[in-house]
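Notes for the structure review
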Amino acid sequence: MARRLRAGVAAQLPVLKAAGVNPGLAVVLLGDDPASHVYVRHKIKACEEAGIDSFLEKYEATLSEQALLARIDALNRDARVHGILVQLPLPRHIDARKVIQAISAKKDVDGFHVANAGALMTGIEGFWPCTPYGCMKMLESIGYPLPGKHAVVIGRSNIVGKPMAMMLLQQNATVTICHSGTRNLKALTREADVLVAAVGKARLVTGDMVKQGAVVLDVGMNRTTEGKLCGDVDFESVRTVAGHITPVPGGVGPMTIAMLLVNTLESARRAARAQ
Ligand SMILES: Nc1nc2c(c(=O)[nH]1)N[C@@H](CN(C=O)c1ccc(C(=O)N[C@@H](CCC(=O)O)C(=O)O)cc1)CN2
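These figures come from a predicted structure and were not determined experimentally.

Some remarks on the site of the ligand
What surrounds the ligand is a group of 17 residues, the closest being Lys43, Val86, Leu88, Asp110 and Gly250. Within the side chain of lysine 43, an N or O atom sits 2.6 Å from an oxygen atom of the ligand. In this structure, an oxygen atom belonging to the ligand sits 2.6 Å away from a main-chain N or O atom of glycine 250. Isolated, the ligand exposes 680 Å² of accessible area, and the fraction of that covered by the protein chains is 83%. The set of elements that each furnish at least two residues to the shell around the ligand consists of α2 (34-50), β3 (83-86) and α10 (252-274).

As structure tokens, then:
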């Protein structure tokens, strides 16, 4: 599905390019976190394959917050750039919230800016965060009827849990958000028609916690002690109970990158309309 979406973006570019707009994405990466380097490489490659211009800015982990804010200011003004993303996490001396708010909401293709969070909450045009947006696309692809269904989201992060809950609510699901303070998690997850695990705990969700036939979306990206990549869901025990389940790797992760391209294309379209 991610491949199909990316091909769809590529197919739509010639029309924009013929109108004189070359969509461009700026990716800002600080430090040497190996996982962040892998994700950024995938994003740049996805842009190249789709025909989106990419502007990669790599800095030492010691770059000052002030210098980073100055770069964002320059990218906000750069007409070649329709999308700006700063790869997270950032080094500890940098206030990620301040950095995200410095990105123009119109170029915030990650959908993390408060203006975009507010747009999602109130149902007006903005950018949706790529990971939960990808999850919604997957639900759409199986024709899953959300109205009246009970969706349980484990995790309340600003980039996945909260926006995921909002998107599900917008589709008239009844939404429960679970977190570290939730009592009797299993009693709640067993009630879920749609279960989204986005908590960052390897194989937290086991087969006995899932309702027969439920749709299970695994947003977790964890490493086992042997260094193997695994999600928040114990795939082997849950697959026998769930109606649909996303694997890790090869599930939500690639959709995150596909939705980034979708948002970048949309940003370029909006810029073209505003010309
Ligand atoms: N600025 C952002 N920072 C971060 C985001 C984000 O959306 N914007 N999300 C995550 C990391 N992330 C994208 O940046 C991301 C994570 C994982 C994948 C992915 O495709 N994973 C593969 C496995 C890759 C591997 O082998 O390690 C998979 O699931 O199949 C894509 C994007 C935090 N930071």
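So, the packing of helix α6 (residues 130-141) against α10
Axis separation between α6 and α10 bottoms out at 8 Å; the angle between their running directions is 105 degrees. In terms of orientation, α6 lies roughly perpendicular with respect to α10. Facing Cys130, Thr131, Tyr133, Gly134, Cys135, Lys137 and Met138 of α6, the residues of α10 in contact are Val252, Met255, Thr256, Met259, Leu260, Val262 and Asn263. Along the lines of polarity and charge, the residues of the contact of α6 with α10 split into nine nonpolar, four polar and one charged.

Regarding the sheet that holds strand β4 (residues 150-154)
Think of a sheet as strands paired side by side through backbone hydrogen bonds, with each pair either parallel or antiparallel. Here five strands make up an open sheet; going across it, the order is β5-β4-β6-β7-β10 and the pairing parallel. The strands lining the two open edges of the sheet, one partner per strand, are β5 (174-178) and β10 (244-245).

Some words on the UniProt feature "binding site: NADP(+)" (unreviewed entry) in the protein
Taking the UniProt record as the reference, the feature "binding site: NADP(+)" (unreviewed entry) is found at Gly155, Arg156 and Ser157. Looking at where glycine 155 falls in the secondary structure, it is placed in the loop between β4 and α7 (161-170). Discounting residues that sit within four places of it in the chain, glycine 155 has contacts with Gly161, Ile177, Cys178, Ala198 and Val199. Following the sequence through the fold, serine 157 ends up in the loop between β4 and α7. For serine 157, a relative accessible area of 29% translates into the label partly exposed. For serine 157, the contacting residues outside a window of four places in its chain are Lys162 and Pro163.

Regarding the UniProt feature "domain: Tetrahydrofolate dehydrogenase/cyclohydrolase NAD(P)-binding" (unreviewed entry) in the protein
Mapped onto this numbering, the UniProt entry gives "domain: Tetrahydrofolate dehydrogenase/cyclohydrolase NAD(P)-binding" (unreviewed entry) at residues 129-270. Split by type, residues 129-270 is 35% helix and 17% strand. Its first and last C-alpha atoms lie 17 Å apart.

Comments concerning the pairing of strand β2 (residues 53-59)
Bridge analysis of strand β1 (residues 24-30) against β2 gives seven bridges, and the strand direction is parallel. In the sheet register, valine 27 faces β2, and the bridge partner there is leucine 56.

Re the nonpolar core
In globular proteins that are soluble, nonpolar side chains generally tend to be buried together. The biggest cluster of nonpolar side chains holds 50 residues, and the ones touching the most others in it are Leu25, Ile52, Leu139, Leu146, Leu168, Val194 and Val196. The dominant element in this core, judged by the number of residues it contributes, is α10, at 10 residues. Looking at which domains feed residues into this core, each of domain 1 (2-106) and domain 2 (130-253) supplies at least three. Contacts of valine 194, omitting those with residues within four sequence positions, involve Leu139, Tyr144, Leu146, His150, Ala151, Val152, Val215 and Leu217. Ranked by size, the runner-up nonpolar core spans 16 residues in total, among them Cys178, Leu185, Val241 and Ala242.

Quick notes on unusual backbone geometry
That bond from leucine 88 to proline 89 is cis: its omega, 5 degrees, falls within 30 degrees of zero. Along the chain, the position of proline 89 falls in the loop between β3 and α4 (96-102). For asparagine 184, which is not a glycine, the phi torsion comes out positive at approximately 50 degrees. Inspection of the secondary structure puts asparagine 184 in the loop between β5 and α8 (185-189). On the basis of relative accessibility, which here comes to 54%, the residue asparagine 184 falls in the exposed class. Residues other than glycine seldom take positive phi values, yet arginine 203 does so here, at roughly 50 degrees. Mapped onto the elements, arginine 203 comes out in the loop between β6 (194-197) and β7 (215-218).

Topic: the pattern of salt bridges
Counted by the stated rule, this structure contains 14 salt bridges. The salt bridge partner of arginine 270 is glutamate 125, with a shortest N-O separation of 3.5 Å. Within this pair, whereas arginine 270 is found in helix α10, its partner glutamate 125 is found in the loop between α5 (114-122) and α6, the two being separated by 145 residues in sequence. Residue class for glutamate 125 comes out exposed when judged on its relative accessible area of 58%. Lysine 186 is the salt-bridge partner of aspartate 208, the closest N and O atoms lying 3.1 Å from each other.

Rules used in this analysis
Residues numbered from 1 in each chain as written. Predicted model: local features only at pLDDT ≥ 70, side-chain atom pairs only at ≥ 80, totals over all residues. Heavy atoms only, no water. Near = heavy atom within 4 Å. Polar contact = N/O pair within 3.5 Å; in protein donor to acceptor, adjacent residues only side chain to side chain. Areas by Shrake-Rupley, 256 points an atom, 1.4 Å probe, with all protein chains shown as cover. Helix = DSSP H or I, 4+ residues; strand = E, 2+ residues; numbered from the N terminus. Axes fitted to C-alpha atoms, helices over the stretch in contact; angles between N-to-C directions. Parallel < 35°, antiparallel > 145°, perpendicular 65-115°, else oblique. Contact = heavy atoms within 4.5 Å. Nonpolar A, V, L, I, M, F, W, Y, C, P; charged D, E, K, R; others polar. Pairing = 2+ DSSP bridges. UniProt positions renumbered as here; feature names shortened; annotations may be inferred. Buried < 20%, exposed > 50% of the residue type's maximum accessible area, 1.4 Å probe, protein only. Core = buried A, V, L, I, M, F, W, Y, C linked by side-chain atoms within 4.5 Å. Domains from an automatic or database assignment. Salt bridge = Lys/Arg side-chain N within 4 Å of Asp/Glu carboxyl O.

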